[in-house]
Amino acid sequence: MFTIPETSTIADKLIDHRRLLVSLVILISACLAPFAARIELDRTLKSAYVTSSECFADYKKFTRAFGTDEFVLVAIKGNDGAGDPVLLKALTTITAKLEAYPKTKQVLSLANLQVFQNKDGVFADDGLVVENEGKLSLQDPHRVERVREALPLLNYLLSRDGKTVGIVVRIAEKWRFDPSMPRILKDILGIVRADLPSGVDTRILGAFVLREAVQNNVVQTALITLVGGALIGALVALYIFKSLNVALITMFVLNGSVLWVAGIMAIAGIPLNSTTALSFGLVLIVSVVNVIHIVSRYYEASGRLDDKEEAVRQGLRAVFRPCLVCGLTTSAAFATIMVSSMPMVKQLGFVMSLGVMIAFVLAMILTPACLMLAKPVDSRTRERMRNDWVAWIFARVEAFVFKRYVLCVTLGIAFTVAMIAGTPLVRVDTQLLNLFVKSSQELADIHFVERNLTSVHALEVMVEADKPQSFKMPVLWQGVRELEKGLKAHPEVIEVDSGLHLFDYVYELVAKEGKDRPDLLSDPALLSQVMLVIGFNKEGRRLLPRYLDEDRTRTRITVKIRNSPEATIGETIQAVKGEANRVFKDKANVYVTGELAVFADQVSDVVRSMFLSLLLAFVCITLLLMIQMQSWTLGLLSLVPNILPAMSVFGLMGWLGIPLDGVTIFAATIAIGLSVDDTIHYLTQLKLVLSSTDVGRTGIEEPLKTAYRKTAKALISTSMTLFFGVLIICLTPTRPAGYFGFLGSIAIVVALLGDIVFLPALILSSSFVRKLLIRSV
């Protein structure tokens, strides 16, 4: 069996050279501070994309042909809506001001929408808003609805009941990811509201708005976990050790750990995103755990020794090795999530695997050094520690476990079975909108637009022919018509927008009246003539690139969907893809894409990487435990209580309907990495007690109680810190992070119960386990 080298000499050297080491820590911290201050946000959200996937490659191909089509939509609802001349006049003024705003590329509203129309035999562009007797009003409702059929884009500008109007604003490409975007959005909303009459409701949304909301959520998440974690760590240390000095030592170690992590992130070019924002809080609580174990053993040693330095040495010697193994196991657990292809998950794995070891090193250097400067522990403080509620809890738990151990094992097995039963119910959902809590303003605005204008959920179907100019011929357009008909029959599809709507509209306008018109797609010459007419028209030249690429090889079909809870987005995508492949089989290549499809496609990677990371975590942790315990039987035994937290994560996700996504994906792996620490400390102490005890004479119960009494309070204290430190993540404005905080905190409680309840009960109730345990010593 491999062994870890003797660590007592390392602990002694850390104390002997503490001044040099602390000076080195301060120097490195000073060097990292300027980098930490320059850490950046992931404004592009690229870290949320699996860029190596085939679906992402299809999406890039689509955007090269048709652009990103990102815009800001301002929805305006009044009592009379478009029937109010005052609102229409304000809309005209607002549109003109937005067009003059230097950072907009294009503005579209009812006030400037020009539509190709036949006016007394003359074909020209004409607006939908007309002026009669000095008042503005919409054209004939029948004509408006005919334009809506030709240009489904009108659904963004005017609701079917006429009560809500919209303004589509395209922002210049160079400002797309600019840090000044919040100011740009504020300016746009200010321009709109400045000229609107009173009593109207305005909402703003779009890809730009959502990205900025995500950035705000990321910053809030980082601040909440950072400040909350620091306060919890300091308060827990203050309560447990009844010493302000220990609380200050804890804050000193915590700040150093976070500073180093932030500095390394900035140097490595790792941005703050929905996952890495959690790293600050997680590093904090890991740092606190190390400090608690060191100070706990120091307090214990100081009760026997008058020499403070020797007490510090003995305390550090006792915990250095188990803390090192705990750091390695937790670091290994985080490192295993780097197998994910999702950049933000991979980045968190790197940051945390490194951060855990940074927290260990700083705790081992700074905590003993600070304890050497602090006042010795007095008898009054030690007495208060013996009589607090933490001591009361572990005394009651001890009495229950050693009296009702069969019941404890039964309950543990029943709980595990219940959690396993919930695992098949886990669903996967990686949509961007799931980042927002249900009460967020962004989701409220989206629901407002969906109720009053149109759905904001769309899939893009790109049909690609083998040869250029193929879409000048009717045969492929006949396929588009058939595909539209098939898609409209699907219950999740609201509308389908393709170039056919525009072609049919123009054909109806230019065809001779009074004669039976042949079908547009029955004659290649007719289709070519319609395209030619559209190309001669200014508005037509603007609209045509939306549906056809330059060499007429590809066309775009936009499919608006409900995205309702009854049907998963994956099922809808597969239905659209299946219908498109059926129609264009052997005729053209079909790609179902768009940002919605790209996020949904990441489901398979999420599931694959989760299982792979769990497998790697179990393997790595098992090997490290065997090395620490110097026994393969003890290593395997230590895994038993850690099955409980992993199963609790999956079981709760299934029973409570919590989705598996880019954040909750690593909840189980992290639960294992954090929960195994208590097992290591408990079994390490148990092995020490057994090695110095004649078990044949005393039996196994007394060594178990001795090990329990030496470690239980520290385990409860560290678990309490982990619990509150992870639970505070629930306060963040990001829904997946909130789920992660809930799942992680429950898993920590389950892990603690597994270590101080289930594991001792299992040893007491199973003669086979007892024999393995005694034989391994």
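Residues numbered from 1 in each chain as written. Predicted model: local features only at pLDDT ≥ 70, side-chain atom pairs only at ≥ 80, totals over all residues. Heavy atoms only, no water.

1. Description of the overall build of the protein chain
The following threshold applies: Helix and strand labels come from DSSP, where a helix needs a run of H or I of at least four residues and a strand needs a run of E of at least two; each type is numbered from the N terminus. With a 1.4 Å probe rolled over the protein chains alone, any residue whose accessible area is under 20% of its type maximum counts as buried; one over 50% counts as exposed, and the rest are partly exposed. Note on contacts: a residue pair qualifies if any of its non-hydrogen atoms lie within 4.5 Å across the two residues. Asp and Glu count as negative and Lys and Arg as positive, but His and the ends of the chain are not part of the count. Think of each charge as sitting on NZ of Lys, CZ of Arg, CG of Asp or CD of Glu.
Tallying secondary structure elements over the protein chain gives 28 helices and twelve strands in all. With respect to the three principal axes, the spread of C-alpha positions in the protein chain is 110 × 50 × 45 Å. Put simply, the protein chain has 777 residues, and 59% of those count as buried. Partitioning the intrachain contacts of the protein chain with sequence separation of at least 6 by distance along the chain shows that 80% fall at a separation of at least 24. Measuring between centres, the 80 positive side-chain charges of the protein chain sit 7 Å from its 72 negative side-chain charges.

2. Describing the sheet that holds strand E12 (residues 589-593)
Using the following cut-off: We treat two strands as partners when DSSP finds at least two bridges between them. Only the stretch in contact is used when fitting a helix axis, every axis being a line fitted to C-alpha atoms; angles between N-to-C directions are given from 0 to 180 degrees.
As summarised here, the arrangement of the four strands in space is E10-E11-E9-E12, forming an open sheet in which the pairing is antiparallel. Both edges of this open sheet fall to strand E10 (493-497) and E12, since each of them pairs with a single strand only. Taken over all neighbouring pairs, the strand axes of this sheet differ in orientation by 20 degrees on average, direction set aside. Where E10 meets strand E11 (residues 554-561), four bridges bridge the pair, whose relative direction is antiparallel.

3. Some remarks on the pairing of E11
Of all eight residues in E11, seven are buried, a share of seventy percent or more. Sheet analysis places strand E9 (residues 458-464) next to E11, joined by seven bridges and oriented antiparallel. From the neighbouring strand, Glu 464 faces E11, where its bridge partner is Arg 554.

4. Structural notes on helix H27 (residues 735-765)
Since one α-helical turn is 3.6 residues long, residues separated by three or four positions face the same way. Under the convention used in this document: How far a helix is expected to stretch is found by multiplying one less than its residue total by 1.5 Å. Two axes enter the bend calculation: one fitted to the seven residues ending at the residue in question, the other to the seven starting there, and the bend is the angle between them.
Taking 1.5 Å per residue as the helical rise, H27 with its 31 residues ought to reach 45 Å, and the 42 Å between its terminal C-alpha atoms agrees with that figure. Of all bends in H27, the biggest is about 40 degrees, found at Gly 754. With 25 of its 31 residues buried, H27 lies for the most part within the structure.

5. Some words on the sheet that holds strand E8 (residues 201-206)
In space, the four strands of this open sheet follow the order E2-E7-E1-E8, with antiparallel pairing throughout. This sheet does not close on itself; its edge strands, each paired only once, are strand E2 (104-108) and E8. In this sheet, neighbouring strand axes are inclined to one another by 20 degrees on average, regardless of whether the strands run parallel or antiparallel. Pairing analysis gives four bridges linking E2 to strand E7 (residues 164-171), with the strands arranged antiparallel. The residue bridging Gln 106 from the neighbouring strand is Arg 170, located in E7. Contacts from helix H7 (residues 207-241) reach strand E1 (72-77), E7 and E8, with the element oriented near 80 degrees to E8. Of the strands in this sheet, E1, E7 and E8 are in contact with helix H15 (residues 441-452), which crosses E8 at around 105 degrees.

6. Examining helix H18 (residues 524-536)
To keep it simple, the criterion reads: Working definition: the arc comes from the directions between the helix axis and the C-beta atoms, pointing outward to the latter. Residues adjacent in sequence count toward polar contacts only when both atoms are side-chain atoms; beyond that, a polar contact is any pair of N or O atoms within 3.5 Å, and within protein one must be able to donate a hydrogen and the other to accept it.
Between its first and last C-alpha atoms H18 spans 19 Å; for 13 residues at 1.5 Å apiece the expected length is 18 Å, and the two agree. Along H18, the positions that sit buried rather than exposed are Leu 526, Leu 527, Val 530, Met 531 and Ile 534. An end-on view of H18 places all buried positions within 130 degrees of arc, on one side of the element. The N-cap residue of H18 is Asp 523: its side-chain oxygen and the backbone nitrogen of Ala 525 are 2.9 Å apart.

7. A few points about the nonpolar core
Basically, it comes down to this: Definition of nonpolar core: a set of buried residues of the types Ala, Val, Leu, Ile, Met, Phe, Trp, Tyr and Cys, connected through side-chain atoms within 4.5 Å.
Core analysis: the biggest nonpolar cluster contains 232 residues, and Leu 110, Ile 167, Val 461, Trp 477, Phe 503 and Phe 666 have the highest contact counts within it. The element contributing the most residues to this core is helix H11 (residues 343-373), with 19 residues. Among the nonpolar cores identified, the runner-up in size contains 34 residues, and Leu 683, Ile 756, Leu 759 and Leu 762 belong to it.

8. Topic: the packing of aromatic side chains
Selection criterion: In this scheme Phe, Tyr and Trp rings, the latter by its six-membered ring, pair at centre separations within 6.5 Å, and the angle between planes marks the pair as stacked below 30 degrees, edge-to-face above 60, and tilted otherwise.
Tallying each qualifying case throughout the model produces twelve aromatic pairs. Seen in terms of ring centroids, Phe 471 and Trp 477 are 5.4 Å apart; in terms of plane orientation they differ by 75 degrees. Their pairing is edge-to-face. Taking the centre distance of 5.0 Å and the plane angle of 80 degrees together, the rings of Trp 477 and Phe 503 count as edge-to-face. Taken together, the residues span a long stretch of sequence, with Trp 477 in helix H16 (residues 474-488) and Phe 503 in helix H17 (residues 499-510) at a distance of 26 residues. Here Trp 477 and Phe 503 have matching classes, each one buried.

9. With respect to a nonpolar patch on the surface
To be explicit about the condition: Candidate patch residues must exceed 30% relative accessible area and have no salt bridge, after which like charges are joined if within 9 Å and Val, Leu, Ile, Met, Phe, Trp or Tyr side chains if within 5 Å. All accessible areas in this document rest on Shrake-Rupley with a 1.4 Å probe, and a residue is counted as covered only by the protein chains that are shown. Here, a salt bridge means any side-chain nitrogen of Lys or Arg that lies within 4 Å of a carboxyl oxygen of Asp or Glu.
A cluster of nonpolar residues, Val 227, Leu 231, Leu 235, Leu 238, Leu 244 and Leu 248, forms a patch on the protein surface that exposes about 570 Å² of accessible area. Taken together, the elements giving at least two residues each to the nonpolar patch come down to H7 and helix H8 (244-268). Examining the composition of the nonpolar patch, we find that four residues originate from one element, H7, more than from any other. The topology assignment puts Leu 235 in helix H7.

10. Focus on the pattern of salt bridges
Tallied over the entire structure, the rule returns 31 salt bridges. Between Glu 145 and Arg 160 there is a salt bridge, with the nearest N and O atoms lying 3.5 Å from each other. Here Glu 145, found in helix H5 (residues 141-150), pairs with Arg 160, found in the loop between H5 and E7; they are 15 residues apart in sequence, far enough to count as distant. For Glu 145, a relative accessible area of 28% corresponds to the partly exposed category. Arg 160 gets classed as exposed once you look at its relative accessible area, which sits at 61%. Between Asp 445 and Arg 203 there is a salt bridge whose closest N-O contact spans 3.1 Å. Of this pair, Asp 445 sits in helix H15 while Arg 203 is found in strand E8, placing the two residues 242 residues apart along the sequence. With respect to class, Asp 445 is no different from Arg 203; both count as buried.

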